[in-house]
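Per-entry structural report
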Amino acid sequence: MTLSTDAWTEQMRRGGLELAILLAVAPGTRYGLEIIRHLQELTDLVVTEGTIYPILGRLTRDGWLQAEWQASAAHPRKYYRLTSQGRRRLVDAADKGSDA
């Protein structure tokens, strides 16, 4: 199967964003808006809620993140944290990056 240049670029962007999200929650739990702010402060990534929440859902379904609702002063928030499988994914990505 050969990917078109546009499809390849999209797949690379999506994979990079997934890794950036995993890195954002690696130090501890964060809710969606915190992840967006973190990515905008520390990277050149511009991420919207419409982009991030489907990815958070997929990463949760894939077992890389665990999500938990927590009460807050304003309203309940869904917090995300890495699972052991998510940590392994980050380690694997770092190992592959060091091979380059």
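What counts, and at which threshold
Numbering of residues starts from 1 in each chain and follows the order in which that chain's sequence is written. Reporting in this predicted model follows two pLDDT cut-offs: at least 70 for local features of residues, and 80 or more for side-chain atom pairs to be given and counted; totals over whole chains, interfaces and linings ignore these cut-offs and use all residues. Hydrogen atoms and water are omitted, and side-chain values are computed over all heavy atoms in the structure. Strands here mean DSSP runs of E at least two residues long; helices mean DSSP runs of H or I at least four residues long; both are numbered from the N terminus. Summary of the burial criterion: residues with accessible area below 20% of their type's maximum are buried, those above 50% are exposed, and those between are partly exposed, where the area comes from a 1.4 Å probe applied to protein chains only. Pairs of residues are marked as contacts when any of their non-hydrogen atoms sit within 4.5 Å. Each accessible area value is a Shrake-Rupley result obtained with a 1.4 Å probe; residue values ignore everything except the protein chains displayed when judging cover. Note on geometry: axes are lines fitted to C-alpha atoms, helical ones only across the stretch in contact, with angles between N-to-C directions running from 0 to 180 degrees. Definitions for this section: a left-handed crossing has its near helix turned counterclockwise from the far helix by less than a right angle. A right-handed crossing has that turn clockwise. Three classes are used, and their members are as follows: Ala, Val, Leu, Ile, Met, Phe, Trp, Tyr, Cys and Pro are nonpolar, Asp, Glu, Lys and Arg are charged, and the others, Gly among them, are polar. For Phe, Tyr and Trp, where Trp contributes only its six-membered ring, two rings pair if their centres lie within 6.5 Å, and the inter-plane angle classes them as stacked under 30 degrees, edge-to-face over 60, or tilted in between. As a reminder, the over-ring test applies to NZ of lysine and CZ of arginine, requiring each to be within 6 Å of the ring centre and within 35 degrees of the ring normal. Salt bridge criterion: a side-chain nitrogen from Lys or Arg within 4 Å of a carboxyl oxygen from Asp or Glu.

**Regarding the overall build of the chain**
Each helix and strand in the chain was counted, giving 4 helices and 3 strands. The N-to-C order of helical and strand elements in the chain reads α-β-α-α-β-β-α. Put simply, the chain has 100 residues, and 28% of those count as buried. Considering only contacts in the chain between residues 6 or more positions apart, those separated by 24 or more positions represent 46%. When the accessible surface of the chain is split by element, carbon and sulfur atoms take 53% of a total near 6700 Å².

**Focus on the packing of helix H2 (residues 32-42) against helix H3 (residues 49-61)**
Where H2 contacts H3, the axes come no closer than 10 Å and their chain directions differ by 115°. In this structure, the crossing between H2 and H3 has a hand that is right-handed. Between H2 and H3, the residues in contact are Gly 32, Leu 33, Ile 35, Ile 36 and Leu 39 and Glu 49, Ile 52, Tyr 53 and Leu 56, respectively. Residue classes in the contact of H2 with H3 are distributed as 7 nonpolar, 1 polar and 1 charged.

**Remarks on the packing of aromatic side chains**
Applying the stated criterion across every chain yields a total of 1 aromatic pair. Look at Tyr 31 and Tyr 79: their rings are 5.4 Å apart centre to centre, the planes differ by 75°, and that puts the pair in the edge-to-face class. Here Tyr 31, found in strand E1 (residues 30-31), pairs with Tyr 79, found in strand E3 (residues 77-82); they are 48 residues apart in sequence, far enough to count as distant. Classification of Tyr 79 as buried rests on a relative accessible area of 16%. The side chain of Arg 77 reaches across the aromatic face of Tyr 31, ending 4.2 Å from its centre.

**Re the pattern of salt bridges**
Overall, the coordinates contain 1 salt bridge when judged by the stated rule. Linking Glu 18 and Arg 58 is a salt bridge whose minimum nitrogen-to-oxygen distance equals 2.4 Å. With Glu 18 in helix H1 (residues 5-25) and Arg 58 in helix H3, this pair connects stretches of sequence that are 40 residues apart. Assessed through its relative accessible area of 14%, Glu 18 is described here as buried.

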